Amino acid sequence: MSVEAVLSRISEIRSQIDTLRGGTAAATSSSSSAASTSASSSAFADALATATGNTGTGTATAATGAAATTSSAPATSVDAGAGTLATGSGATGSDVVTDAKKYLGVPYVFGGTTTAGMDCSGLVQTVFKDLGVTMPRVVPDQAKMGVEVGSLKDAQPGDLIIPKGEGHVVIYAGDGKVLHAPRPGKDVRIVDNWYSDADIATIRRIVPAQASATPATTAASSVTDLQTAALLSMMQSGSAA
């Protein structure tokens, strides 16, 4: 295959990719675009099969399957729940710590949830509310939310540490520090973590420790992988010629 032919096929494949991307975006807003997306997926699969020399049904099926996978978004929630992460708000553990720091210096007030005063669980509920995540009000209920972290060595910023007896809750701030509302006469502060694993009833992760790839990013990555495979195959064919 000549260089000119390779460049021509590259241009054609890029055009098919643009069509596929446009069809995938439209599918989320209109059911009528589903047919367009399917057609675009098939067209791209045909172009890819031609470029790689594979005209079997396996390639077309793989491309269509990839398009279907990338267009479906995972289920999300902004409500904290037992055994699951609240991913709907997009907040991460680092966001939890950053938001909690806004309340440093707020005095401890039993039952409080405002800047006029808050208690330990009131601080936790308020911080997650700021981030769009619904949390229960009291420690025993908060201790059931999210997924359990095995030990302090596995704790990440934003995790909640609940000691045995479930009479208190602190936010792990990283580097051996915790952020909490201690007791009457004190204010919200960051201190060295004084708990050991033997003192802890549970460590809970309410939101992901780190940001995950969005469906749009995943879709773009999948399309790019297909494009790369096709171009490499074409260039190899050109070199052989």
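Notes on the structure follow. Note that the structure is a prediction, hence the values are computed from the model and not measured. Throughout, residues of each chain are indexed from 1 in the direction in which the sequence is written. Totals for whole chains, interfaces and linings use all residues, but because this is a predicted model, local features are given only for residues with pLDDT of at least 70 and pairs of side-chain atoms are given and counted only at 80 or more. Only hydrogens and water are set aside; all other atoms, that is, all heavy atoms of the structure, feed into the side-chain values.

Phi at glutamate 166 takes a positive value of approximately 50°, unusual for a residue other than glycine. Assignment of secondary structure puts glutamate 166 in the loop between β4 (160-163) and β5 (170-174). Note on classification: 1.4 Å probe, protein chains only; a residue is buried when its accessible area is under 20% of the maximum for its type, exposed when over 50%, partly exposed between these limits. Judged by relative accessible area, which is 29%, glutamate 166 ranks as partly exposed. What counts as a helix is a DSSP run of H or I of at least four residues, what counts as a strand is a run of E of at least two, and both are numbered from the N terminus.

Within the largest apolar cluster, 29 residues are counted, with the highest numbers of intra-cluster contacts made by Phe128, Met135, Leu160, Val188 and Ile206. Only α4 (93-100), α5 (120-130) and β4 provide two or more residues apiece to this core. Considering every element that reaches this core, the biggest residue donor is α5, with five residues. We call two residues in contact when some of their heavy atoms are within 4.5 Å. The contact partners of leucine 160, leaving out residues within four places of it in the chain, are Val124, Phe128, Met135, Val169, Val170, Ile171, Thr202, Ile203, Arg204 and Ile206. Val149, Ala155, Tyr172 and Val178 belong to the second largest nonpolar core, which has ten residues in total. Here the nonpolar core consists of buried residues drawn from Ala, Val, Leu, Ile, Met, Phe, Trp, Tyr and Cys, with membership extended through side-chain atoms lying within 4.5 Å.

On to the pairing of strand β8 (residues 200-205). Where burial is concerned, most of β8 is hidden: five out of the six residues are buried. Strand pairing is assigned whenever DSSP identifies at least 2 bridges connecting the two strands. Sheet topology places strand β3 (residues 147-148) next to β8; two bridges connect them, and they run antiparallel. Bridge pairing in β8 places valine 147 opposite arginine 205. Pairing of β4 with β8 involves four bridges; the strand directions are antiparallel. Across the sheet, proline 163 pairs through a bridge with isoleucine 200, a residue of β8.

For α5, the buried fraction is high: eight of the eleven residues fall into the buried class. Within α5, the full set of buried residues consists of Cys120, Ser121, Gly122, Leu123, Val124, Thr126, Val127 and Phe128. The first or second residue beyond α5 is glycine 132, which carries a positive phi of 85°.

The subject of this paragraph is the side chain of glutamine 142. Mapping glutamine 142 onto the fold places it in helix α6 (residues 139-142). Within the structure, the side chain of glutamine 142 is placed 3.5 Å from the backbone oxygen of arginine 137, a separation counted as a polar contact. In this structure glutamine 142 touches Ser121, Val124, Gln125, Met135, Pro136, Arg137, Val169 and Arg204, once residues within four positions along its chain are discounted. Any pair of nitrogen or oxygen atoms within 3.5 Å is treated as a polar contact; in protein, a donor-acceptor pairing is required on top of that, and neighbouring residues in sequence qualify only through side-chain atoms on both sides.

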